[in-house]
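Residue-level structural notes
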Protein chains: 2
Amino acid sequence: MYIGIDVGGTSIKLASFKTLYLPKAVKVIELKTQNNYENDFDNLAKAISELAKSKVSGIGVGIAAVLDEDKTQILKANNIKSWEKQALKNDLENLFKCKIVLENDATCAALGEAKFGYGQGKDFIFIIWGTGIGGTCVRLINNQVYTVPCELGHQIVQWQGIFDNCGQHGCLEAYCGGNGIARLYGKSAKNLSENEWREVEQRFAHGLLNVLTINPVNLVIFAGSVALNQKKKLENIEVIVRHKLKIFQAPQFLISKYQNDIGLYGAIALLSR
Amino acid sequence: MYIGIDVGGTSIKLASFKTLYLPKAVKVIELKTQNNYENDFDNLAKAISELAKSKVSGIGVGIAAVLDEDKTQILKANNIKSWEKQALKNDLENLFKCKIVLENDATCAALGEAKFGYGQGKDFIFIIWGTGIGGTCVRLINNQVYTVPCELGHQIVQWQGIFDNCGQHGCLEAYCGGNGIARLYGKSAKNLSENEWREVEQRFAHGLLNVLTINPVNLVIFAGSVALNQKKKLENIEVIVRHKLKIFQAPQFLISKYQNDIGLYGAIALLSR
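Computed from a prediction, not measured in an experiment: that's the story for all the values here.

This brings us to the overall build of chain A. Assigned secondary structure in chain A consists of 9 helices and 12 strands. In terms of overall dimensions, chain A is globule-like: its C-alpha atoms have a radius of gyration of 19 Å, near the 19 Å expected for 273 residues. Burial analysis of chain A (273 residues in total) assigns 48% to the buried set. In chain A, once contacts between residues fewer than 6 apart in sequence are set aside, the share between residues at least 24 apart is 62%.

Spelled out as structure tokens, the structure:
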């Protein structure tokens, strides 16, 4: 029995898997993140015990945080501040006495797509378009999956544009991220008018075009709440990119195979990396 | 005796090297590109024979062209059209009966920097800022140098901006490449006023910032005529990037170790790859 965990600012999801190969989530549990590390960890530990009917052989964790180089400590976690500086790996090890692997959530989801999703055997860019906009570039080198963060949300689409929470001005995320849309238009992505969506589509296409020229790939895979809930808009964006990109052929656009659960599959992929 | 060749739209440079390791160009010859393949090849062959006092053991060629997958044929060469579809590798092999390796010139120069220049043992982005703006991302994976083209010159810095020769609108190259500057300001880079340079610096910094967020590295190495002739301007650009980039630490900026000759060192690097 293996456990995959996806720790985000809003919820903590976990699932049990019987195998590391061709996995299928047996049961998924979703907890509300309280942003109080002790409480969150207690709830998580209880949920793991509930899922794990047999012995736990390994736990993989994708977490919305910057980890130290050894992937044992949480250095920075903007949306779950109380988790910063916590020794999550040790705490899980002490309790469950099994292999524990931590990874940044975006990298983790990309690895899930590379191992079990539509990215198998391919180079691709994995983009999470949700509250923020992040990504990972996945390259297959000698049959090994190699990842580099792609912070496309913090590219500048408007020089000296609107302020972004990261401290820069004119970031793609400030115009097209879920939080950015809410701030800019005073409503959530799903409530934008068609005209407002046209603006967001143009900006997002602009950002994608820059990704594809700076870091060329033949496949882009999307996840994240905005991408998953606005598939028609993503199709419109694809049309703009196909029309505007002239120096390369536009790549294939896909929605993540496991959609909202891709982080859980990524967490399981961590255990056999 | 090894020969390194750098074929560009304006000139063809070649040099002889006694060794593939710690190489030092013995003699450099520069020919004017006539853009007539038969004439150019004849001149090149004569110059190789002139350089090669002893037996030629290998010839490496960096060329301003898109090559086929096998790196034997020239598919596309915008600035030396008459070289397109020519079997350069075969032609050299027939004449010199030795190992011939062809590579795209930007990739070739980046390999030279990775093997003999300031990029040794490092991940870096190699940027050629000359007539156009191109680049290569170099990653060191398991001690192997791995390159991906980085077409930063064709990122969009101004959505629906001025037309670029590539067919897109608002490309960085259209504002900051040598040809772009000449078209936009009606004079060459070296004749721009200080105010005009401030504009170019801002644009170029914008483009670099996007490169660094989309494809993070700790080192950027510059070559190309504009970069080499405008070192003070490059310093100004570095200041802007350091000031504006907030999500990562700004990388180190360096000028290529072998500057104008880096393509020749890259050509020699091809022979021991």
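There is more to say, and it comes next.
Moving on, we come to unusual backbone geometry. Residues and elements named next belong to chain A. Unlike most non-glycine residues, Lys-97 shows phi in positive territory, near 45°. Exposure remark for Lys-97: the 10 C-beta atoms within 10 Å place this residue in the exposed category. Phi is positive for Gln-160, which is not a glycine, with a value near 55°. The class of Gln-160 is exposed, set by 10 C-beta atoms lying within 10 Å.

What follows is about the domain arrangement of chain A. By a frequent convention, interface size equals the accessible area lost on bringing the separate parts together. Residue and element names in this part refer to chain A. One can read the domain layout of chain A as domain 1 (2-109 + 261-270) and domain 2 (118-256). In this structure, domain 1 and domain 2 have C-alpha centres spaced 26 Å apart. With 4 residues of domain 1 at the contact, the number on the domain 2 side is 8 residues. The residue inventory of the side of domain 1 that touches domain 2, partitioned by class, reads 3 nonpolar, 1 polar and no charged.

It is worth spelling out the relation of the copies chain B and chain A at this point. Of the transformation placing chain B onto chain A, the axial shift is 0.0 Å and the rotation is 180°, giving an RMSD of 0.0 Å. Interpreted geometrically, this transformation is the action of a two-fold axis. Same-surface contact between copies: 100% of interface residues of chain B are shared with the interface of chain A.

For the rest of this paragraph, the subject is the pairing of strand β11 (residues 219-223) of chain A. Side-chain direction in a regular strand flips from residue to residue, so the side chains alternate between the two faces of the sheet. All names here are of chain A. Counted residue by residue, β11 has 4 buried out of 5 residues, so it is predominantly covered. Bridge count for strand β8 (residues 124-129) against β11 is 4 bridges, and the pairing is parallel. Opposite Phe-126, over in β11, you have Ile-221 as the bridge partner. Strand direction decides the pairing type here: β11 and strand β12 (residues 252-255), joined by 4 bridges, are parallel. Bridge pairing links Val-220 to Phe-253 in β12.

This paragraph deals with the sheet that holds strand β3 (residues 27-32) of chain A. Residues and elements named next belong to chain A. Within the open sheet, the 5 strands sit side by side as β3-β2-β1-β4-β7. Their pairing is mixed. With one partner strand each, in any of the chains shown, β3 and β7 (99-104) form the two edges of the open sheet. Taking the axes of each pair of neighbouring strands and ignoring which way they run, one obtains an average angle of 15° across the sheet. Bridge count between strand β4 (residues 58-63) and β7: 6 bridges; the pairing is parallel.

Residues and elements named next belong to chain B. Strand order in this open sheet of 5 strands is β10-β9-β8-β11-β12, and the pairing throughout is mixed. Unpaired on one side and paired on the other, β10 (144-149) and β12 (252-255) mark the two borders of the sheet. When the angles between neighbouring strand axes are averaged without regard to direction, this sheet yields 25°. The pairing of strand β8 (residues 124-129) with strand β9 (residues 133-141) spans 6 bridges and is antiparallel. Looking across to β9, one finds that Ile-128 is bridged to Gly-134.

Okay, the pairing of strand β2 (residues 11-17) of chain B next. All names here are of chain B. With 6 of 7 residues buried, β2 is to be regarded as a mostly interior element. With 6 bridges joining them, strand β1 (residues 2-7) and β2 adopt antiparallel strand pairing. Paired with Ile-3 across the two strands is Ser-16, which belongs to β2. Direction of pairing for β2 relative to strand β3 (residues 27-32): antiparallel, over a ladder of 6 bridges. Bridging from a neighbouring strand, Ser-16 pairs with Lys-27 of β3.

Its place among the elements puts Lys244(B) in helix α8 (residues 231-244). For Lys244(B), the contacting residues outside a window of four places in its chain are Gln168(A), Ala205(B) and Leu209(B).

What follows concerns the interface of chain B and chain A. Chain B puts 26 residues into the contact, and the matching count from chain A is 26 residues. Those elements that provide at least two residues to the side of chain B that touches chain A are β10 and α6 (194-214) of chain B. Residues that form the side of chain B that touches chain A fall into these classes: 14 nonpolar, 9 polar and 3 charged.

Residues and elements named next belong to chain B. Interhelical geometry of helix α3 (residues 105-116) versus helix α9 (residues 262-270) gives an angle of 80° and a closest axis separation of 7 Å. Classified by the interaxial angle, the pair formed by α3 and α9 is roughly perpendicular. Residue-level inspection shows Asp-105, Cys-108, Ala-109, Leu-111, Gly-112, Glu-113, Lys-115 and Phe-116 of α3 in contact with α9, the latter providing Ile-262, Gly-263, Tyr-265, Gly-266, Ala-267, Ala-269 and Leu-270. Classifying every residue of the contact of α3 with α9 gives 9 nonpolar, 3 polar and 3 charged.

Moving on: helix α8 (residues 231-244) of chain A. Think of an α-helix as turning once every 3.6 residues; residues three or four places apart then point the same way. All names here are of chain A. With 14 residues, α8 should cover 20 Å at 1.5 Å per step; its first-to-last C-alpha distance of 20 Å lies within 8% of that length. Buried within α8 we find Lys-233, Ile-237, Val-241 and Lys-244. All buried residues of α8 project into a common sector of 85° when viewed along the axis, lining one side. The exposed set on the far side of α8, more than 90 degrees from its buried face, consists of Lys-231, Lys-232, Glu-235, Val-239 and His-243.

Thresholds, definitions, all that
- Residues numbered from 1 in each chain as written.
- Chains lettered and ligands numbered in written order.
- Predicted model: local features only at pLDDT ≥ 70, side-chain atom pairs only at ≥ 80, totals over all residues.
- Helix = DSSP H or I, 4+ residues; strand = E, 2+ residues; numbered from the N terminus.
- Rg over C-alpha atoms; globule rule 2.2 N^0.38 Å.
- Buried ≥ 20, exposed ≤ 12 C-beta atoms within 10 Å, placed from the backbone.
- Contact = placed C-beta atoms within 7 Å.
- Domains from an automatic or database assignment.
- Nonpolar A, V, L, I, M, F, W, Y, C, P; charged D, E, K, R; others polar.
- Least-squares fit on C-alpha atoms with pLDDT ≥ 70 in both.
- Pairing = 2+ DSSP bridges.
- Axes fitted to C-alpha atoms, helices over the stretch in contact; angles between N-to-C directions.
- Parallel < 35°, antiparallel > 145°, perpendicular 65-115°, else oblique.
- Expected span 1.5 Å × (residues − 1).
- Arc of directions from axis to C-beta.

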